[in-house]
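# Summary of the model geometry
What follows is each chain in one-letter form.
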Protein chains: 2
Amino acid sequence: MHSFQELSKQFSEKFQTKHFPYQPEGLYEPAEYFLGIGGKRIRPIACLMANELFGDIESDTWQIANALELFHNFTLLHDDIMDEASLRRGKQTVHLRNGQNTAILSGDVMLIRAYEYLNELNPEILPIIFKLFNKTAKEVCEGQQYDMEFERRENVSLDEYINMIKLKTSVLLAASLEMGAIVGGATRNNCDRLYGFGKNLGIAFQIQDDYLDCFGNPEKFGKEVGGDIRRNKKTFLLIKAKEMVSGTQKAQLERLLENDEEDKVGKVLSIYKDCGIDEWAKQLQKQYADKAFQHLEDVVVINARKKSLRDLAEYLLQRDY
Amino acid sequence: MHSFQELSKQFSEKFQTKHFPYQPEGLYEPAEYFLGIGGKRIRPIACLMANELFGDIESDTWQIANALELFHNFTLLHDDIMDEASLRRGKQTVHLRNGQNTAILSGDVMLIRAYEYLNELNPEILPIIFKLFNKTAKEVCEGQQYDMEFERRENVSLDEYINMIKLKTSVLLAASLEMGAIVGGATRNNCDRLYGFGKNLGIAFQIQDDYLDCFGNPEKFGKEVGGDIRRNKKTFLLIKAKEMVSGTQKAQLERLLENDEEDKVGKVLSIYKDCGIDEWAKQLQKQYADKAFQHLEDVVVINARKKSLRDLAEYLLQRDY
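Calculation criteria
- Residues numbered from 1 in each chain as written.
- Chains lettered and ligands numbered in written order.
- Predicted model: local features only at pLDDT ≥ 70, side-chain atom pairs only at ≥ 80, totals over all residues.
- Heavy atoms only, no water.
- UniProt positions renumbered as here; feature names shortened; annotations may be inferred.
- Contact = heavy atoms within 4.5 Å.
- Buried area = accessible area lost by both parts, 1.4 Å probe.
- Salt bridge = Lys/Arg side-chain N within 4 Å of Asp/Glu carboxyl O.
- Polar contact = N/O pair within 3.5 Å; in protein donor to acceptor, adjacent residues only side chain to side chain.
- Helix = DSSP H or I, 4+ residues; strand = E, 2+ residues; numbered from the N terminus.
- Nonpolar A, V, L, I, M, F, W, Y, C, P; charged D, E, K, R; others polar.
- Least-squares fit on C-alpha atoms with pLDDT ≥ 70 in both.
- Buried < 20%, exposed > 50% of the residue type's maximum accessible area, 1.4 Å probe, protein only.
- Phe/Tyr/Trp six-rings, centres within 6.5 Å; stacked < 30°, edge-to-face > 60°.
- Lys NZ or Arg CZ within 6 Å of the ring centre and 35° of its normal.

An unreviewed UniProt entry annotates chain A as Polyprenyl synthetase family protein of Arachidicoccus soli. You can read under Cofactor (unreviewed entry) in the UniProt record for chain A the words "Mg(2+)".

So, in structure tokens, the structure goes:
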């Protein structure tokens, strides 16, 4: 058994290799650059951990781990174009560094490279992993589509937002875990539990992310507080607040969303607090986190083997804020 | 055995189905729209024909045929963004019709859908088809990258141009044929011959396309003559002409490429004719076409079975211009 730290180190080291040929440099260098920016490599690590629940890590799992990280980076590369993002993990995004056309094409080839890693799998396991991978890949695109549509829509319900987050973020974590379990020969029930663990963990993580943007300790959070509010980003908190407010507060919130007035962040935060949105978000996050941990609990392997996955969840949910 | 016309009709009818779910409509409707624009469906038809060389068409071949057509359309959809094309087969391109972000994402999901069709394959055949598909997909991206780079470069050699065309256009036709042969249980030698047939046919087709743009009968060609010249497009003819001209003609050609003067097309054409570029191109096209037909000749099956592939090649090379 390996700890979270050990697997994280092992994967990062193995992943630090060339994933593409040298030529044409204009296509492959930007792809290598983007992969080299780093990241927490959560999905491949989760996949390895889920595999190790059921025995030693198999070589197929390392291939899937690579495929998952390549796929994730493909989505980030294309999302950065769509979101007109200038920075990714503090580094220049590919569409600004190398032009938009290169960013599209390097992203495309990154997706194909992900499939090449899958192609290395043991033929007995390939079709079932391939199927879950394809299903998940489509869902992630659907999530991105809903996210873009919601940006332009006046009203988005909480259910719609949760569904979008599930597609855009959670299903890839969930599928990463299930793939590791499948390679490990897990039962259908254990696969489903791990999928459920990842799905709920992903949603809990997003609620927390939205919460911390408003109420986090800036030093711990590592980002400026209130960024989502400034950009009118539809978050768990804003969507819930719009559902709850009425009368003067409703008018005030609407005015704040329409204009960039002084201390907009402070004023929106004060409405959130008045309505108890901060407590509501904490509770909602806890509900999803509890559900996630319950799913992990229900995986039928001895408790000690679950330590690394529990550590991963605790790390993601930083429950000390 | 089916004729070219029969297979063309059968595939077009089968392909006229919904390939995506209904929701989110903003993602999938543009993808369906683009597939519905039509096209000659050459690659899937070639795959079916190659399969039928060796026996009855198998259900796996229909899945591969779908995957090939989806992949081809994915490349067109993204190429249209990169080339800022406004029309595709006389219809509005997706990035103009639905916005650039949708065009990127609908293209992505089209590539994933191609892989879903491959996922339906018989598990014994899946890994080998998957491998050829991935290799080819990467090569097509490389071809597009070189094409974009050549647009910005002053000088491109004939070898570089042929290599670009091979990657961007030929390998997908070649791989389509090989995949059909693989499903049909063809020997390695027969697979290689069919790949060679497709590769050379693709290059011959492109030389012809470049030739017809300059010297074609406008009524038969269906496009205005001289479009490539007007846009300074690097074609077989221009690249060869730049290699051949000297003295006054060289200066004249360079001036014509730099400025849009009156009767530019006529003047460039007259240089082409003076240098015998028209005859050279015809000869070069014939060389590749002959090589293609020789490869088909060398496929070890009785001659009568090759009729549909020969008809396909004759159709593509419209040798009556």
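Listed as interface residues are 40 residues of chain B and, on the opposing side, 40 residues of chain A. In total, chain B and chain A occlude about 3,600 Å² of area from one another, counting both sides; carbon and sulfur atoms represent 67% of this. Three residues stand out in chain B for area buried against chain A, namely Leu105, Ile112 and Lys138 of chain B, and they jointly supply 17% of the buried area on that side. Where chain B meets chain A, there are two salt bridges. A salt bridge links Lys138 of chain B to Glu116 of chain A, with the shortest nitrogen-to-oxygen separation between them at 3.2 Å. For the pair chain B and chain A, the interface holds 15 residue pairs in polar contact (both at pLDDT 80 or more). When residues of the side of chain B that touches chain A are traced back to their parent elements, those giving at least two are helix H2 (25-36), helix H4 (59-82), helix H6 (100-119) and helix H7 (126-152) of chain B. The biggest single contributor to the side of chain B that touches chain A is H7 of chain B, with 15 residues. Class assignment for the residues of the side of chain B that touches chain A results in 22 nonpolar, ten polar and eight charged.

In this section: the relation of the copies chain B and chain A. One chain copy maps onto the other through a rotation about an axis and a shift parallel to that axis. The two copies are related by a screw motion: chain B maps onto chain A through a turn of 180° and a shift of 0.0 Å along the axis, at an RMSD of 0.0 Å. Viewed as a symmetry operation, the transformation between the two copies matches a two-fold axis. A share of 100% of interface residues in chain B that are also interface residues in chain A marks the association as one of identical surfaces.

With that out of the way, let us pick up the pattern of salt bridges. A full pass over the atoms with the stated rule returns 36 salt bridges over all chains. A salt bridge links Arg188 of chain A to Asp192 of chain A; the nearest nitrogen and oxygen atoms lie 3.0 Å apart. One end of the pair, Arg188 of chain A, and the other, Asp192 of chain A, are both in helix H9 (residues 188-215), four residues apart, so they sit about a helical turn from each other. Taking relative accessible area as the criterion, Arg188 of chain A reaches 45% and is therefore assigned partly exposed. What makes Asp192 of chain A partly exposed here is its relative accessible area of 34%. Between Lys307 of chain B and Asp311 of chain B there is a salt bridge whose closest N-O contact spans 2.7 Å. Here Lys307 of chain B and its partner Asp311 of chain B are both found in helix H16 (residues 307-317), four residues apart, which amounts to about one turn of the helix. If you follow the salt bridges from partner to partner, you end up with Arg113 and Glu116 of chain A together with Lys138 of chain B in one network.

All right, on to the packing of aromatic side chains then. Across all of its chains, the model carries 24 aromatic pairs over all chains by this definition. Connected via pairs of aromatic rings, a cluster forms that spans Phe71, Phe74, Tyr115, Phe130 and Phe133 of chain A together with Phe71, Phe74, Tyr115, Phe130 and Phe133 of chain B. The ring of Tyr33 of chain A carries Arg97 of chain A above its face, with NZ or CZ at 3.6 Å from the centroid. Directly above the ring of Tyr22 of chain B sits Lys18 of chain B, whose terminal nitrogen or CZ lies 3.8 Å from the centroid.

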